[in-house]
Amino acid sequence: AEPIEVRIASHVSELAPEYAQSVLFAKKVEERLPGQFEFKIFPGGQLGKESALIDGVQLGVIEMVDVASGVLKLDSKLGLFDLPWLFDSREHVERAMAKGLEEAVRRRIESKADVKVIGIYENGFRHVIDSRNPIVEPADMAGMKVRISGGKFRQGVFESLGAVPAKVAWGETFTAMQTGVVDGAEAAIYGFYEQKMQEVQKYLSLTKHVYTPSFLMASKSFFDRLTQEQQKVFIEVGREITEQSYRDAAALEDRYLADMKGSIAVNEVDLPAFQQATRPVYQSYIEANGKDWIDLVDAAR
Amino acid sequence: MTDPRESLPTAAGPRPSGGRLLRALDRLVGAVAGLCVAATAVAVCLNVFYRYVLASGLVWADELPGFLLVWIAFLGAYLAARDDGHIAFDLLVAKLPRPLSGLLSALVELSVAGFALLMVWLSLAMIRRVGWREIETLPLPQGLFMAVLPVAFALIALALALRAGFRLRHGGRV
Amino acid sequence: MAGFVLFLLLGLILLGVPVGFALMMTAAAAMAASGVNLLVLPVQMFSGSKSIVLLAIPLFILMGELMSATSISERLIAVAYALVGWIRGGLSHVNVLTSMFMAEMSGSAVADAAVMSKIFVPEMERHGYPRSFAGALTAVSATLGIIIPPSIPMVLYGVTTNTSIRDLFVAGIVPGLILGGAFMAASWLFALKEGHPRANRFEAPALGRALWRAAVPLLIPVLVVGGLIVGVYTPTEAAGIGVLIALAFGFLLSRDLTLARLGGILTATARQTAVVMMIVAGSAVLGQYLANEQLPQKIAGMLGGVTDVWVVELLLINLFLLVLGMFLHASAAIIVVVPLLMPLARQLGIDPVHFGVIVCLNLGIGQQTPPVASVLLTVCSTTGLKIEQVMAYGKWFIAVMFLVLLLVTYLPWTALWWR
Ligand code: NA
Ligand code: NA
């Protein structure tokens, strides 16, 4: 029979962990079921912006996507991942996910949207790059104009630290930094690296203020058309590659950081100080969505 | 040709008046689209004001105007369809003898109207299934902004069908 | 399949289907034929047109509309008279200089041509210039509107290629000045040959008075483009600030704006925005189909294989764009064709910002060349001149534009000096 065409689209570039994850998934499925599928990987938003990909996978116009924070808008409880300084480290993320968080998140997404969640991996911790001063403790952010993405939660975080959040289109951000429309930006390391922001900024503070997972999802209508064996392989491979995906993401981040270190000062931050300063932001989330997921995370600390 | 106004001097296509009701509809659509333009201008300026004068962010002001642009674009597309103002290559059709060119134009208008009806159906299906998802910065469903698609495509189909009908009634001489 | 798509698209356009709808319908047909779920159409139309960066387009259009609704152009003309009216062929220089002033506030050459030809063609004819010369000069100098910032084609280029619009705007300044200077030089030669008069004597007090009356209008480009360059705001915000100042000028200073008129202007802005946005939405869906088929990569590969001498390759790209500009609207050309040329430009090591200026210059020429010549046709329709009459002089000015195009192409410094 003809191989089934499977497009895996992502809104981020080939440098992002999403690309490595898509390639890895395709490779492993190919090994288990040789010749049954023809995978085509479309990074860099070739098949649309993140919101269009998330709508598209639900409507069944695309077979699979690997996307990130846009998924969090599917349900307010997923706003957990917008909470600041929720995770201490990648290891902490992995522990929490393995101890039930991943299963809970997966079920939540599938109950809300017409998708099959194949895997939850890493988009990455978000950090701040800027030209004004290194950020070590909360006071360092006062008055800093920071380009942010994401919703009101992340805005609240930066405002509560006295920063001035600004939403500048990502394509304009590099120029906005050069000209001083913003003092800095928050994003994952691969984002800074891909835009060569280390060349116009002075400080990269590893704030780890937010951790965003990546979500490898298949459209429900596509998934239902697969044979039972194929479905089983998709799900198994999706789980199998989780550990490898975290290792890949870590390796990418290390490589980019090492590359950037020649042109920019990199510093760690006083994590507990930030965690304390922003804990009040959690209250409104807990009121609306309960405390169970936060407890899961805390138990894995 | 380029850009916005290029159609102005050539926008001479027949515009069936269609009576009071249709003119009221034109005015209503024009007013809503105009209000959207005004709202985007206000939001964009407010954002600058917040950043420099109040030293704080107005994060929705970076997302909402983008969504309003969808309303501006598609409602405006109805207005442009009403007076035959969309960018088109009409040199070839204009070279044809009169009744033939009119009939061909009517045929083109009817086929675009048919496509617009298909779009009404497709965009309604889209809204039914993903319209509930909230936008990033405000607790508003994106369906609110997607809703302009079926509305505007229905209006465009109406405008084009009316003009095609007008041409056919005059035996293609317009 | 690619051949079928191209054939269908051309066929629909030649039959008179509006370009935006032709793009959408072609995409729909191609997707239906290859079994793609058509729900992708509304998804991409919606996602492709919701953009904060594209929002600069209605705001710049609104700014231009407010300019023409107030006495701003009249005051700028007075300044131009006082500055260059005394040179031989004075009115020609006033015409070009006014276009340069207007260019700083308007993003559209067609808009500029409509306003300027109504004012300058009768005026120049009264002073003994051939009507066709006046028409030709007005048409070509309107091109300055898309080279000197702000520029709507540059916004479109920036969005389609993910290039900073602010950088494109800055890069357009010097080429715009060169182009304006070249038009003046050509006019001066015509003035010598055909004996065009000076318009007035140079008088410092008159210049002072004119500058004073035009102080606020002249402040608009300083605040809009200047603020953008210095980095006070993003391009979209700059457009918003321009609207704000124009409103303040119209309501408070010149007082020729009323709320009722503003309503009409807002609606007209939405309508004009839509004309561009339908092409944006159409190309968002057709682009989706092309990406699926991985066509951009294939086409770039084909074009790239022709020759590897960059001087020749660059010339070929220019010629391709020029021919394209004869038949295609600038906005359509940018949105549909530039993504296909972009990989090739990168391969040749051309800076995307520099390439944006090259593209805009080419399409500026395209607006002057029949059969599809928006600016030329606008001038013809407002003045009653025939295409041949305008072209009698127009061809010389087009040659001047071509020389400037070559200069900017092979001296990237003209666009990128500030880097
Ligand atoms: Na301009
Ligand atoms: Na042309």
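Not measured: the values here are computed from a predicted model.

Further remarks concern the overall build of chain B. Looking only at helices and strands, chain B features six helices and zero strands. Beginning at the N terminus, the succession of helices and strands in chain B can be written as α-α-α-α-α-α. The buried share of chain B, taken over its 174 residues, is 56%. For chain B, the exposed area adds up to about 7,100 Å²; of that, 71% sits on carbon and sulfur atoms.

Let us now look at the packing of helix H5 (residues 72-84) of chain C against helix H12 (residues 204-213) of chain C. All names here are of chain C. One way to put it is that H5 packs onto H12 with a least axis distance of 8 Å and a crossing angle of 155°. Our classification of the angle between H5 and H12 gives roughly antiparallel. Of the two elements, H5 crosses H12, and the hand of that crossing is left-handed. On H12, the residues touching Glu74, Arg75, Ala78, Val79, Ala82 and Leu83 of H5 are Ala206, Leu207, Ala210, Leu211 and Arg213. A breakdown of the residues in the contact of H5 with H12 according to their chemical character gives eight nonpolar, no polar and three charged.

Let's shift gears to the pairing of strand S4 (residues 115-130) of chain A. Residues and elements named next belong to chain A. Across the 16 residues that make up S4, a large majority, 16, are buried. By the bridge criterion, 13 bridges tie S4 to strand S8 (residues 203-219) in an arrangement that is antiparallel. In the sheet register, Phe125 faces S8, and the bridge partner there is Tyr211. Two strands pair when backbone bridges link them, and S4 and strand S7 (residues 184-188) are joined in this way by five bridges, in the antiparallel orientation. Bridging across to S7, His127 finds its partner in Ala187.

Quick look at helix H3 (residues 90-112) of chain A now. Residue and element names in this part refer to chain A. Between its first and last C-alpha, H3 extends only 27 Å over 23 residues, short of the 33 Å set by a 1.5 Å rise per residue. Considered for burial, the residues of H3 that qualify are Arg90, His92, Val93, Glu94, Ala96, Met97, Leu101, Glu102, Ala104, Val105, Arg106 and Ile109. Elements that come into contact with the buried residues of H3 comprise S4, S8, helix H8 (228-260) and helix H11 (292-299).

All names here are of chain B. According to UniProt, the positions carrying the feature "transmembrane region" (unreviewed entry) are residues 28-52, 64-81, 102-124 and 144-166. Along residues 64-81, the helical share is 100% and the strand share 0%, with 26 Å between the first and last C-alpha atoms. Secondary structure content for residues 144-166 is 96% helix and 0% strand, while the C-alpha to C-alpha distance between its ends is 34 Å.

Another point: the interface of chain A and chain C. Contact residues are listed per partner, giving 21 residues for chain A and 28 residues for chain C. Counting across the interface, chain A meets chain C through zero salt bridges. For the side of chain A that touches chain C, the secondary structure elements donating two or more residues are strand S2 (37-42), helix H2 (50-59) and helix H5 (170-179) of chain A.

Let us now look at the pairing of S7 of chain A. Residue and element names in this part refer to chain A. Counted residue by residue, S7 has five buried out of five residues, so it is predominantly covered. Here S7 shows no split at all, with Gly184, Glu186 and Ala188 on one side and Ala185 and Ala187 on the other all buried. Taken together, the two bridges between strand S5 (residues 145-147) and S7 define a ladder with parallel strand orientation. From the neighbouring strand, Val146 faces S7, where its bridge partner is Gly184.

Phe74 and Phe153 of chain B are the most contacted members of the largest nonpolar core, which has 259 residues in total. When residues in this core are grouped by element, the largest group, 17 residues, is from helix H15 (residues 259-292) of chain C. Here Phe153 of chain B is in contact with Phe74, Ala116, Met119, Val120 and Val148 of chain B together with Phe21, Met24 and Met45 of chain C, once residues within four sequence places are set aside.

What follows covers the side chain of Thr179 of chain A. As for its placement among the helices and strands, Thr179 of chain A is situated in helix H5. The exposure class assigned to Thr179 of chain A is buried, which follows from its relative accessible area of 15%. Within the local environment of Thr179 of chain A, its side chain forms a polar contact with the backbone oxygen of Ala176 of chain A, the two atoms lying 3.4 Å apart. Excluding residues that lie within four positions of it along the chain, Thr179 of chain A makes contacts with Arg166, Ile229, Val230 and Gly231 of chain C.

The rules behind these values
- Residues numbered from 1 in each chain as written.
- Chains lettered and ligands numbered in written order.
- Predicted model: local features only at pLDDT ≥ 70, side-chain atom pairs only at ≥ 80, totals over all residues.
- Heavy atoms only, no water.
- Helix = DSSP H or I, 4+ residues; strand = E, 2+ residues; numbered from the N terminus.
- Buried < 20%, exposed > 50% of the residue type's maximum accessible area, 1.4 Å probe, protein only.
- Areas by Shrake-Rupley, 256 points an atom, 1.4 Å probe, with all protein chains shown as cover.
- Axes fitted to C-alpha atoms, helices over the stretch in contact; angles between N-to-C directions.
- Parallel < 35°, antiparallel > 145°, perpendicular 65-115°, else oblique.
- Left-handed = near helix turned anticlockwise from the far one by under 90°.
- Contact = heavy atoms within 4.5 Å.
- Nonpolar A, V, L, I, M, F, W, Y, C, P; charged D, E, K, R; others polar.
- Pairing = 2+ DSSP bridges.
- Expected span 1.5 Å × (residues − 1).
- UniProt positions renumbered as here; feature names shortened; annotations may be inferred.
- Salt bridge = Lys/Arg side-chain N within 4 Å of Asp/Glu carboxyl O.
- Core = buried A, V, L, I, M, F, W, Y, C linked by side-chain atoms within 4.5 Å.
- Polar contact = N/O pair within 3.5 Å; in protein donor to acceptor, adjacent residues only side chain to side chain.

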